[in-house]
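# Overview (structure and organization)
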Amino acid sequence: MIKSIKYFKNEFYLKQNSVLIENENESYVENFGKQWKTYRDVQIDSLNNFKISYKFLNQMFFNDLNKLQGKKILELGCGAGRFTEYLTKYAKECVSIDLSSAVFHNVAKSSTNLTLIKADFNKLIPNEKFDIVFCRGVLQHTPNPLKSIKNIHSFVRENGDVYFDIYKNPKIGFLHPKYLFWRPLIQKLFSYDQFEKYLNNNIKFLLKTKRFIKNIFLNSDFISDSIIPIWDYKNKLNLNEEQLANWSIMDTLDGLYATYDLPQTKNKILKFLADNNIEAIEINEKKNIYHTRIK
């Protein structure tokens, strides 16, 4: 069944769970679809009695979530809905988009003010604009992050607001062991499914060993990450050991199997914004978070 939505000139068709689909192909994000199908519940606040995602969301909006109240919001890269479940509580209308099949598992899919779309946002043609565009944890995983930043501003109305982040470049850039050898080596040795099985079977040992190494080297994340390339949130997030293991597996798969991982420096982002007539209203330099508006 062909469907249309006022915000885009593209045509969609309706499939499972009332998700509008522009293109069924997952392209370069197939692994993200697998990840969020298996680990959907790991980061969802409402299912875990914590507020980790809420705190991240509040940080993204510079500690003022009330600015979302009654607005038409576009969420780009919604995944399994860790932020969607909050956005729908504030928004008058929320449209959440993801290219991967994670969109079918979005935890907020029953919200009456939510429209879920499976699409590549870089291929959507804007029509009616949104009050707020929100994009977290996504841009560095697109083929051209700077072009994607420009594109997300095409969806916001005049004087509307865009909130996005992008991973910061490591101080040593692509000489970081994650990029230099761990990612290509692991991808050569293991398929996604094989490495997921390996992690599930060995995560407790890997975490214990990594923490031991970290203690030896004066609590150095860089050295422990270089030797054992798995993510560990101990003393960073208030999680029990089972939760820490699940977060570790999930984000290790995310970090090592992303097709594109193109972090950017603050200076490069600010120059690009200025060159494209986009004003930086607020910046969180530590997290590389931006609140912007078209001049």
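Quantities reported herein were computed from a predicted structural model and do not represent experimental measurements. (Residues numbered from 1 in each chain as written. Predicted model: local features only at pLDDT ≥ 70, side-chain atom pairs only at ≥ 80, totals over all residues. Heavy atoms only, no water.)

### A short note on the packing of aromatic side chains
Describing an aromatic ring pair means giving the distance of the ring centres and the angle of the ring planes. Heads up, the rule is: Each Phe, Tyr or Trp ring, with Trp reduced to its six-membered ring, pairs with another whose centre is within 6.5 Å; inter-plane angles below 30 degrees give stacked pairs, above 60 give edge-to-face pairs, and intermediate values give tilted ones. For the purposes of this entry, the term helix denotes a DSSP run of H or I that reaches at least four residues, the term strand denotes a run of E that reaches at least two, and both are numbered from the N terminus. Think of it in three bands: residues with accessible area under 20% of the maximum for their type are buried, residues over 50% are exposed, and the middle band is partly exposed, with areas taken using a 1.4 Å probe on protein chains only. Note on criteria: charge over ring means Lys NZ or Arg CZ within 6 Å of the ring centre, with the direction from the centre no more than 35 degrees off the ring normal.
A complete count under the given rule lists 18 aromatic pairs for this structure. The interplanar angle of 85° and the centroid separation of 5.1 Å between the aromatic rings of Tyr28 and Tyr260 together place this pair among those described as edge-to-face. Of the two residues, Tyr28 sits in the loop between strand E3 (20–21) and helix H1 (30–39) while Tyr260 sits in the loop between helix H9 (241–257) and helix H10 (266–275), which places them 232 residues apart along the sequence. Consider the rings of Phe195 and Tyr257, whose centres lie 6.0 Å apart with planes at 40°: the pair is tilted. Here the residue Phe195 occupies a position in helix H7 (residues 192–216), and Tyr257 occupies one in helix H9, the gap between them amounting to 62 residues. The pair formed by Phe195 and Tyr257 is uniform in burial state, with each residue classed as buried. Members of the aromatic cluster, connected to one another through ring pairs, are Tyr7, Phe8, Phe12, Phe130 and Phe155. Residue placement shows Lys51 over the ring face of Tyr54; its charged tip is 5.4 Å from the ring centre. Looking at Arg136, its charged tip hangs above the ring of Phe56, at a distance of 4.7 Å from the centre.

Honestly, that's just the spatial picture; any functional story needs more than this.
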